[in-house]
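As a plain string of letters, each chain reads:
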Amino acid sequence: MLLSKITHILGFGGDIAGDREIGWLLTDSRSLTFPAESLFFALVTNRNNGHQYVQELYNQGLRAFVISEVRDEFETMQDALFLLVDDTLMALQQIAAAHRREFSIPIIGITGSNGKTIVKEWLFQLLHEECKIVRSPRSYNSQIGVPLSVWQLRPDTQLGIFEAGISMPGEMAKLEHVVRPTIGIFTNIGDAHQENFISQQQKITEKLKLFTHAKVLIYNEDNPHLDAEIKQAGLDAALLSWGQQPDCYLQLLSINKSATQTELVVKRQYVQYTFQIPFTDDASVENAMHCIACLIYQGYNVGDINSKLSQLERVAMRLEVKHGVQDCLIINDSYNADLNALNIALDFLSQQSVSKQLSKTIILSDILQSGFQPDVLYQKVAELILARNCHRFIGIGDEIGRHAAAFSAIESYFFPTTESFLNDPISAGFRHEAILLKGSRKFGFEQISHKLELIAHETVLEVNLNALVDNLNYFRSKLRRETKIMSMVKAFAYGSGSVEIAKTLQHHRVDYLAVAVADEGAELRRAGIRIPIVVMNPEKSAFDVLFENNLEPEIYSFNLLKAFMEAAGKLALTDYPIHVKIDTGMHRLGFDAEEVDGLIELLKSENQVKVRSVFSHLAGADEPRLDDFTRQQVGVLNTCADKFSKAFPHRILKHILNSAGTERFPEFQFDMVRLGIGHYGISALPEVKLRQVCALKTIVLQLKQVKAGETVGYSRNGIATEDKLIAMLPIGYADGYNRKLGNGLGEVLVKGKRARVFGNVSMDLIAIDVTGMDVQEGDTVEIFGDYITIAEMADKLNTIPYEILTGVSRRVKRVYFSE
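Since the structure is predicted, the reported quantities are computational estimates derived from the model, not experimental observations.

Undergrad: In this structure, what is going on with the sheet that holds strand β36 (residues 766-769)? I would like to understand it.
TA: Each strand in a sheet pairs with another by means of backbone hydrogen bonds, the pair being arranged parallel or else antiparallel. Overall, antiparallel pairing links the three strands, which are arranged β30-β33-β36 in an open sheet. Among the strands making up the open sheet, the edge pair consists of β30 (702-706) and β36. On average, adjacent strands in this sheet sit at an angle of 30 degrees to one another, irrespective of strand direction. Direction of pairing for β30 relative to strand β33 (residues 724-729): antiparallel, over a ladder of five bridges. Residue pairing in the sheet places Val706 in a bridge with Lys724 of β33.

Okay, here's the thing in structure tokens:
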């Protein structure tokens, strides 16, 4: 779209000097690749303000900005175009909506509590050979993500598939204006994002606004609440329901499951049909029925639908990071193979490559259905890769090979097929590289992944980096815009892996990180972490590590302060930042209130250090019975901090709130809060359901038929009172699985059902009772995660979630992914 057209859409008249085509709507300053073709929207949120990145983008060559506030530095950017609007997010949605109106094609809009992304991706799998499709990348279903997705529509697009999610009333009407679907799919309704709605009925009503102008709406009539609200909504759309009721558009007569597939028998207009899907879980049945109804509506016959269904693959909902051979890091992303998705994946590659100072390599297949002519497409791909300073590029496919010249500025290799690459010596020559695998499904890049991955222990701790960010943003929503955040990444980031967690938090602009000891901070510095790092327990023997890595110590006693000042003085250091801890009643570490006057006198007499913050630690912010004591602690800190502010001319930060305090006492957020366990999904408020970041998983190693009277495990404590089927799992107390969970106390989740631990917990193995369950060797088992929560496990052991998380052994591989 021409820049001049965009200005008219936003209500600006006049001509544009140097009018040009805008191909990229930019909302994240870190993702700039094509400055001349980009328009930046300075979004203002509760946690950030895009206007502070305008100067940085201008310096990188960007010259077009949509802003809602004017800053002094903008006056120096005489050659830039500034479009001043009341609301930059509304402007983004307005432009995307105008772009959408240029297309008279079918648009499928999908909403619901669960399954949106799966249904979207399955529809793409089922239909992409028939027409050119644009769909939301990953889970781009927010107020920002939806307009960015719709913007990807191209002149040759024949079908759009977009998902839309909301978290509060008033949002869906805005997204409907952008998407304007002709076909609607309402997947289901659940408790996700319920906290901002007074009832489930209100949430359904709000979500239904997406289908205000839709021609048809597909949904499951067996959900009585959803069915009732849809039929009362007064929509103009034809209702194409499916379910067990005879009046459904598609009546589901029976569901017949075997070991590997499910047979669905349905009836439509008195005719019975049978469909088969290569999945057996209930969620897949529901998702498949939405897709079947959609294809029948579009006129596909049963034979064609069954042929397509047989080819359905599980959707890779995440971008996985695994350790590879020869000190490599493997980033496996088979989710979307299009230009926008590549840009997202390259951003992730850049973040991850910092970890061990790895060079960056991309292995990319032909990009199908991009909407660009091949010469334009691969020139843009090359520019994206060069902008990320990638070391090496490997292209696989005939089309990308024909455009090898576009990649002449980078070390590059081309192969017609995945097999030819795997048979070439170059596939065994990777060393100390972060390798992004991004290929269309037909190229079978899982073969490359298997070759490059290290053989790993079957027990892994999965760490969901998107969930980490969602939880961070939840706490940010409690804060004033100017309040800083210190994120605690001590104890191996509560067991989840400090480097990867720290990189993600740095990328999402937390202000400080905090570790327990200097060596933890040094490891983060070696991994490329640049933001300030506070060491909470600095040891005198590690002062040199602090200085070498620019780490800022917590100072809690005169003895420690004098020793640190002496060490700094020997190096001729001045104004080295320190953080002074006040003991306000917890009585662990810290200066007593009576010592503050003498402390200030000492600090003013020397110049080796400079107080950056004054803080304290709450003893019981999560316990209502201790609220009076919490307020007493706050009062002591206020008195002490006021003395520091009056004694020194520079600004000294004040902070006392931890995760629980941030939720329960936001009025005491002061200048900064410290977030720890809240990052990982533990809330102090019973009504708040944060996302689980960590999931400990293993597999069924072996199945054993145990007869009545026989025993399992050490001390023969696992006694079979009847014939039992026992599954052995490769996890034990050496992995962090507590021995107290043996003999029926502990439970795990396998094939959607709970199974109790049978007998004693061994060092490397546990047994579970799966009698009567359909379990196979190799099945995945959840130790804790979304269904068996860390909090539940902690309750059984009469301990706290911290102990569960930090107790996961380092021999358990950490697998990091983004959804």
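Undergrad: Would you take a moment to explain the sheet that holds strand β1 (residues 24-26) for this structure?
TA: Reading across the sheet, the four strands line up as β1-β2-β3-β4 and stay open at both edges, with parallel pairing between neighbours. With partners counted over all chains shown, the strands left at the sheet margins are β1 and β4 (81-84), one partner each. Geometrically, the sheet is characterised by an average inter-axis angle of 20 degrees between neighbouring strands, direction not taken into account. Strand direction decides the pairing type here: β1 and strand β2 (residues 38-41), joined by three bridges, are parallel. Looking across to β2, one finds that Leu26 is bridged to Phe40.

Undergrad: Got a minute to help me understand the pairing of strand β16 (residues 359-365) in this structure?
TA: Side-chain positions along a regular strand alternate between the two faces of the sheet. Counting buried residues along β16, six of its seven residues qualify, which places the element largely inside the surrounding structure. As paired elements, β16 and strand β19 (residues 433-438) share six bridges and run parallel to each other. Residue pairing across strands places Thr361 opposite Ile435, the latter belonging to β19.

Undergrad: Honestly, the environment of Pro106 in this entry has me stumped. Any pointers?
TA: With respect to the element layout, Pro106 can be found in the loop between α3 (88-100) and β5 (107-111). As a C-alpha pair, Pro106 and Ser167 span 61 residues in sequence and 26 Å in three-dimensional space. Ignoring sequence-local partners within four residues, the contact set of Pro106 consists of Gln158, Leu159, Gly160 and Thr182.

About the thresholds
Residues numbered from 1 in each chain as written. Predicted model: local features only at pLDDT ≥ 70, side-chain atom pairs only at ≥ 80, totals over all residues. Heavy atoms only, no water. Pairing = 2+ DSSP bridges. Helix = DSSP H or I, 4+ residues; strand = E, 2+ residues; numbered from the N terminus. Axes fitted to C-alpha atoms, helices over the stretch in contact; angles between N-to-C directions. Buried < 20%, exposed > 50% of the residue type's maximum accessible area, 1.4 Å probe, protein only. Contact = heavy atoms within 4.5 Å.

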